[in-house]
Structures are given as structure tokens and as C-alpha cells.
Amino acid sequence: MSSSTGLDSARVGGDAPAQRRRSLPLVGGGEGGRRAAVIPYRDGARGAPSAHAGPAPRSVRISVTDRCDFACTYCRPSRHDGYTDGRLMTPAWRTMFEALRDAGIRRVRLTGGEPLLHPEIVSIVASLAALGFEDLALTTNASQLARLAAPLRDAGLHRLNVSIDTLDPSRFREVTRGGELARVLEGIDAAIAAGFSSIKLNTVVLRGVNDDEIERIALWAWERRMVPRFLEVMPIAEGARLVGEHLVTAAEMRARLAEHLLQEEAISDPGLGPARYVRARRDPSLRVGFITGTSDTFCESCDRLRVSSTGVLRPCLATDDGVDASREAKAGDPAAIQRRLDEAWRLKPDGKVWKGCTEETASAVSIRAIGG
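Below is a short write-up of the structure. Residue positions are given per chain, counting from 1 as you read along its sequence in written order. Given that this is a predicted model, residues contribute local features only at a pLDDT of at least 70 and side-chain atom pairs are listed and counted only at 80 or more, while totals for whole chains, interfaces and linings are drawn from all residues. The side-chain quantities take in all heavy atoms of the structure and omit both hydrogens and water.

Any residue under 20% of the maximum accessible area for its type is buried, any over 50% is exposed, and the rest in between are partly exposed; the area is computed with a 1.4 Å probe on protein chains only. Starting at the N terminus, helices and strands are each numbered in turn, a helix being any DSSP run of H or I of at least four residues and a strand any DSSP run of E of at least two. Within helix H6 (residues 214-223), nine of the 10 residues are buried, which leaves the element mostly enclosed by the surrounding structure. Those residues of H6 lying buried are Ile214, Glu215, Arg216, Ile217, Ala218, Leu219, Trp220, Ala221 and Trp222. Count one or two residues on from H6 and you reach Arg225, which has phi positive near 60°.

And the structure:
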């Protein structure tokens, strides 16, 4: 796409690229779902070095289900990789939410798997909204968003992140192993109509697969007043098999968009994750975000806790270390969960020496099981 191409020409399902793109490798083998290893922290133990000494976390990502109707190549080994047993039911989740609020958590993001597959997702959002969290967001593949966007907004959801790696229908089916782009686009339209305070698009950029769409996706998102964000593929889970051949760094992504961007330092939104944003040249109210994790890890500034669908409190995406608080959640004991949270936070790696998803432990982690 040339620099003179207008926003209207960045249309879905356009002409095929002149250069033939490589097919995605069907990596991994479907070994079946397995629950995260939960081990106590002790000096010299496998995993992250030294316990975290900082304040309690302010942000949490909650995987309400490990079910997903897509099988993206950088996330899952196949559609038949199995699922975990022992997922928390909604009453236990409500106890967990109360404990997180009382422990000082102020920002919540719901993830999966695909969180909109949870049959009570609207009720879950309403429960979180009633607890008064200052920021309530959700990450989705948007396959179910057309029917749920308005109910989620009415229930109190503030913000949405939509994962979409291509605007080409056939390529979309390949990347997701069977997903339908039309349903996702319908869901995005419904989300725009519902009036969320922010809608961001997350695109994992893979060299030789979708890196020719960086400009197209950015222009398409800006036309709809959304924020496109481009992510480096990280050597975590199935991504570990792809980084060597398919990594496109954030610096290269920005260079490809240079004619559309102001020449300014990329800056993050305080408290809202590791993405760094640059404003659009033609309209500085529009932005594009870049998320590293391979070329430049961001562990030192991480204040994030994760909760798996089985109630395991996870201090880091890049290890299987965690503390199981499911019994306390099922017993309706938020004070006991807070004690477990303190244990989990002491497992937080020292971000000055720990390099997140570039560490050896990352390749064995299931993103789908604990939320990316």
C-alpha cells in the first residue's frame, strides 16, 4: 500500500498480495490440557530468581475459562490440546473478586481462553462492576461479540481489546485454524455501536505470514477510531517455535509505519500495561501501540498478577509457579485468599534480572490456560 492510499482503500478482503506468503507451520501435537504446576518458592528453586519485595499488585488478569473456539498457531498446538479440569464456578469467582478488591487491586482484565464462551460472562462483569474497580476491561477474539457487546457494556465493562491478526478471510482461517473473519468484524461493529470507552486491536505480527498487513490494519483501525496495537511474537508456549523464523521487532514495525507517524518518543499509558504508543501524523488524536516482550522485556515495571481458571494465583506469565487459592474461593473466604495472594506475590520475579518470556521456563507455559 502506498503512502497516497486513503483510509477508504484499506478494505477487508482486498486483492491478494503480489508476493506469495508462507503458510503457518502446524506446530505442536495436542498433548492434552494440563494444570499449571504449583510449587512453593524457596531459594534455589527452579524458576524466577529472588522473591519480589515491592508493594501488592494493582492489576490482575483473570482467566475465567481456558476454553477457546480458535486455535491460533502461536498460542495452541492444535484444536485437540485438551482442557483443564476444576475450573472455578461463578460463586467462587465472586469470592475471588472480593478478595482481590480488598487486597488493593484496582484494575481488572478478563481473559481466557476466550472469556465470552463463559456462559455467565455478563453476570461476572456485573459482579466486578458492583465492587467498584476503577478499570474493568476484557480481551476477546470477538467471535461472540456481536450478541454480547451491548449486554457487556450495560453490565459495566469499560474497555475492550480485540485480537485480530489479519483482515484477509482465508489467512484468518489459517492463523486461527478455522475462525470466521466475518463474525469477528460483526462483533467489532457491535462493540463500536455499544460505546465502549476504548477499543484496541491486538495483532501478533509474524514475518512471512501477516507482516505485509501492518499498514492496512493500522489505517483500517484508525478509520473506525480504534487503537491498533502490534505485538512481537514471544518465545512463550507455541510462540517459542515461531520466534526464530517469524519474529518482527517493534522497531521494524514502527519503521514500516514511519510515514504515518509523528517523530516522537513512544510512551506508555501509566498503569495500563506495557504497550507504548505513537500518535498518527494526520490526526494526533489517533495512536498506534507496540508491545515488545522479545526484543525488549518489561518485567521491571510489571505490577500484574494473574489468576488461572482453576484459581491459581500466578505472579508471572513466563513460569508455572503459583499459589492455589481455589479451596479458599470455594469456601467463600476472601481473607484467606488475601493471605494466599501475599504468598503468590512473594514469588514475583526480580524484574532487574528476570527477562520474562525470553526465559527457558516460558516455552512450557500454556497461554490459553492462564491468559496472555
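Moving on, we come to the sheet that holds strand S11 (residues 312-314). In this analysis, strands are considered paired if DSSP registers two or more bridges between them. Spatially, S7-S8-S9-S6-S5-S4-S3-S2-S1-S10-S11-S12 is the arrangement adopted by the 12 strands of the open sheet, whose pairing is mixed. Since the sheet does not close on itself, it has two edges, and those belong to strand S7 (267-268) and strand S12 (323-324), each with one partner. As paired elements, S11 and S12 share two bridges and run antiparallel to each other. Opposite Val312, over in S12, you have Asp324 as the bridge partner.

Note that S7 and strand S8 (residues 276-279) share two bridges and pair antiparallel. Bridge assignment links Ile267 to a residue of S8, and that residue is Tyr277. In terms of strand pairing, S8 meets strand S9 (residues 287-291) through four bridges, oriented antiparallel. Among the inter-strand pairings, Val278 is bridged to a residue of S9, identified as Val288.

The subject of this paragraph is the pairing of strand S10 (residues 304-307). Where burial is concerned, the two faces of S10 agree: the one with Arg304 and Arg306 and the one with Leu305 and Val307 are both buried. In this structure, strand S1 (residues 59-63) lies alongside S10, joined through four bridges in parallel fashion. Residue pairing for S10: Ser59 is matched across the bridge by Arg304. Connecting the antiparallel pair S10 and S11 is a turn made up of four residues, with Gly311 showing a positive phi of about 90°.

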